[in-house]
Structure formats: C-alpha cells, structure tokens
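Below, each chain spelled out in residue letters.
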Amino acid sequence: MLYYRKRQNNLPFAIKEKQEVSEIMKETIQDLKTRRSVKSYKPEQITKNELVQVLEAGMNAPSGMNRQAAVMVAVQEPETVKKLSAMNAAVMGVSSDPFYGAPTVIVVLADRRVPTYQYDGSLVMGNLLNAAHALGLGACWVHRAKEVFSSQEGKKLLEKWGLDENYEGIGHCVIGYGEGAYPEAKARKEGYVIWDEA
C-alpha cells in the first residue's frame, strides 16, 4: 500500500511498505543481473502495451541537468525496419541482418548541442534494454547508429521524423520475442571493481 512521506526539501514522494520495497528491489536487481543480449528472434510482433512500457522506461532515464537530449523513434513498419537493417549492414560492409530478425527497432538519437547528449542517449538505451528484459522480451543494442544517420539516406529519415541534423544516432535497440535458449552470462572480468576503503 502506498503512503506519502516528505524529504527534507518538502517534496512529496511515494514509497511502499518496507517489505514490499525489499521484494521489488530483489526483482529489480535480479533483472539487472540477468539481462543478456538476444540475437535470435521470432517473427511475431510484440504488443503495443509491451512497446509502450519499454518506451516509458526510456523516457524516464536520467539526463544531464534534466535536458532530456535524447529522442526515441519506435519503428515497427516492416519495410522501414528492413531499410534500417540494410543501412546498418552497409556500414559494416556485409549483407546479413544486423538486427537478427527483430520485428521492432527503437532508434535512439540525441541532440549534439547538449553537452551530455551521448551520455543521455546511452542511459536511455540502458533503460530500454533492462525494461525489455523485465517484461520477458529479448533485446539487443546494435551500434553504428551514428554512421547510419550521418549518411544522406539517414538524414532523409531524420527529416521524415521531424528531426534536424543536430540529432546524432546513439544506438538501435532491437526488440522481440527471443527464439531458442536464453544466452548464458560470461564470467565477469577480474578487477571490475576497485575498492578504496579504510
């Protein structure tokens, strides 16, 4: 059950009973620790509700000075997904599908006029990936968005979406229902955390 308390600066915020918070945090931490990049998808499209929940998570990512430099373009139209995949493949010089057959692509771009734009966009990407996993969806960050949207073809897409050339590609978050076994985690590297304590 929600109840309200006040911070020292008198801004109200909602929190849950201690036990409920503990259970929610356990689930959240578990989601963060078990998320993996999924690279095989079923052709079935995700639901609108699932997509909206993922996008809402992206919208609530932190940003420098709350300037919210990033924007997301949710693409489910098959021909546009195919076009984006081909453009991405062209950057790599390959003909394979770098989106792994995912039916949904969320393109994250950010306004380079904002000093923290790359960080803001990356935080949005992280939220999208973690939200997708929490909903039982597969997702993967596919790079080369900067190169794709620096091209003439990419700039035409920006124009179509009502964005100017100040928006730089940060990443493609491909999403769908994963096919096959869920990827196992690789061992975390030695020295990942450096402790400086008494």
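Residues numbered from 1 in each chain as written. Predicted model: local features only at pLDDT ≥ 70, side-chain atom pairs only at ≥ 80, totals over all residues. Heavy atoms only, no water.

A. The environment of Ser40, seen in detail. Considering the arrangement of structural elements, one finds Ser40 in the loop between helix H1 (18-34) and helix H2 (48-59). Residue Ser40 is classed as partly exposed on the basis of its relative accessible area of 30%. Sequence-wise, Ser40 and Ile175 are 135 residues apart; in three dimensions their C-alpha atoms are separated by 10 Å. Residue contacts for Ser40: discarding those within four places in its chain leaves Tyr100, Tyr177, Gly178 and Glu179. (Helix = DSSP H or I, 4+ residues; strand = E, 2+ residues; numbered from the N terminus. Buried < 20%, exposed > 50% of the residue type's maximum accessible area, 1.4 Å probe, protein only. Contact = heavy atoms within 4.5 Å.)

B. Fine view of the nonpolar core. Among the nonpolar cores identified, the biggest contains 24 residues, and Val54, Ile106, Val108, Leu128, Leu137, Cys173 and Ile175 are the most heavily contacted of them. If you list the elements that add at least two residues to this core, you get H2, strand E4 (104-111), helix H4 (117-134) and strand E6 (167-176). Those residues in contact with Ile106, other than ones at most four positions away along the chain, are Leu51, Val54, Leu55, Met72, Val73, Leu128, Gly171, His172, Cys173 and Ile175. Counting 22 residues, the second-largest nonpolar core is a separate cluster that includes Val73, Val142, Leu158 and Tyr167. (Core = buried A, V, L, I, M, F, W, Y, C linked by side-chain atoms within 4.5 Å.)

C. View of the packing of H2 against H4. Contact pair H2 / H4: the axes reach a minimum separation of 8 Å and the direction vectors enclose 145°. Here H2 runs over H4; the crossing is right-handed. Between H2, through Val54, Leu55, Ala57 and Gly58, and H4, the contact on the second element is made entirely by Val124, Asn127, Leu128, Ala131 and Ala132. Partitioning the contact of H2 with H4 into residue classes produces seven nonpolar, two polar and no charged. (Axes fitted to C-alpha atoms, helices over the stretch in contact; angles between N-to-C directions. Left-handed = near helix turned anticlockwise from the far one by under 90°. Nonpolar A, V, L, I, M, F, W, Y, C, P; charged D, E, K, R; others polar.)

D. Local environment of the pattern of salt bridges. For the structure shown, the criterion picks out six salt bridges. Notably, a salt bridge pairs Glu153 with Lys83, separated by 4.0 Å at the nearest N-O pair. Residue Glu153 is located in helix H6 (residues 152-160), and its partner Lys83 is located in helix H3 (residues 78-92); the two are separated by 70 residues in the primary sequence. The shortest N-O distance in the salt bridge between Asp164 and Arg113 comes to 3.8 Å. With Asp164 in the loop between H6 and E6 and Arg113 in the loop between E4 and H4, this pair connects stretches of sequence that are 51 residues apart. For Arg113, a relative accessible area of 52% translates into the label exposed. (Salt bridge = Lys/Arg side-chain N within 4 Å of Asp/Glu carboxyl O.)

E. View of the packing of aromatic side chains. Enumeration over the complete set of coordinates arrives at one aromatic pair. Ring centres 5.8 Å apart and planes at 50° place the aromatic pair Phe149 and Trp161 in the tilted group. With Phe149 in the loop between helix H5 (145-148) and H6 and Trp161 in the loop between H6 and E6, the pair connects residues that are twelve residues apart, well separated along the chain. Judged by relative accessible area, Phe149 falls into the buried class, the value being 3%. One cation-aromatic arrangement involves Lys189 over Tyr192; the distance from NZ or CZ to the ring centre is 5.0 Å. (Phe/Tyr/Trp six-rings, centres within 6.5 Å; stacked < 30°, edge-to-face > 60°. Lys NZ or Arg CZ within 6 Å of the ring centre and 35° of its normal.)

F. Expanded view of the sheet that holds strand E3 (residues 70-75). A sheet is described by the order of its strands in space; here four strands give the open sequence E3-E4-E6-E5, paired in antiparallel fashion. Strands with a single pairing partner mark the edges of an open sheet, and in this sheet they are E3 and strand E5 (138-142). Between one strand axis and the next, the sheet turns by 20° as a mean value, whatever way the strands run. Sheet topology note: the E5/E6 ladder contains five bridges and is antiparallel. Among the inter-strand pairings, Gly138 is bridged to a residue of E6, identified as Gly176. The sheet contacts of H2 involve E3, E4 and E6, and relative to E3 the element is tilted by about 170°. (Pairing = 2+ DSSP bridges.)

Don't take any of this as a statement about function, it's just geometry.
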